[in-house]
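What follows is each chain in one-letter form.
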Amino acid sequence: MWSADQNRGAGLGHWHPHMMVFSPYYENSMLGGNQFGHPLPLVTDDAGTPFAVVVIPVDDQLALKARQE
């Protein structure tokens, strides 16, 4: 999800390009308790479960952009 052109759907819109790392049983507190919307890594809704994922936002300038023709 390294795209600068992503759209998360109606009502959600654009979000930062990002990487997702499967991290079973991780808690957001293990990463500093970062909140959604900040450009810092955070654990998704499944924190503390076998399905936890760390989302790492990437600088928009480094993201892939669709070719404009």
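About the cut-offs
Residues numbered from 1 in each chain as written. Predicted model: local features only at pLDDT ≥ 70, side-chain atom pairs only at ≥ 80, totals over all residues. Heavy atoms only, no water. Helix = DSSP H or I, 4+ residues; strand = E, 2+ residues; numbered from the N terminus. Buried < 20%, exposed > 50% of the residue type's maximum accessible area, 1.4 Å probe, protein only. Contact = heavy atoms within 4.5 Å. Areas by Shrake-Rupley, 256 points an atom, 1.4 Å probe, with all protein chains shown as cover.

**Q** Just to check I follow, could you spell out the overall build of the protein for this structure?
**A** When you go through the protein residue by residue, the secondary structure sums to zero helices and three strands. Secondary structure elements of the protein, listed N to C terminal, follow the sequence β-β-β. Looking at the protein as a whole, 25% of its 69 residues are labelled buried. The contacts of the protein with a sequence gap of at least 6 include a subset with a gap of at least 24, amounting to 48%. For the protein, the accessible area works out to roughly 5,000 Å², and carbon and sulfur atoms hold 58% of it.

**Q** Any chance you could explain unusual backbone geometry here in plain terms?
**A** Excluding glycine, most residues fall at negative phi; most peptide bonds, likewise, are trans. Positive phi values are uncommon outside glycine, yet Tyr25 reaches one of about 70 degrees. Counting through the fold element by element, Tyr25 comes out in the loop between strand 1 (18–22) and strand 2 (42–43). The exposure class assigned to Tyr25 is exposed, which follows from its relative accessible area of 52%.

None of the figures reported here should be taken as evidence of function without further support.
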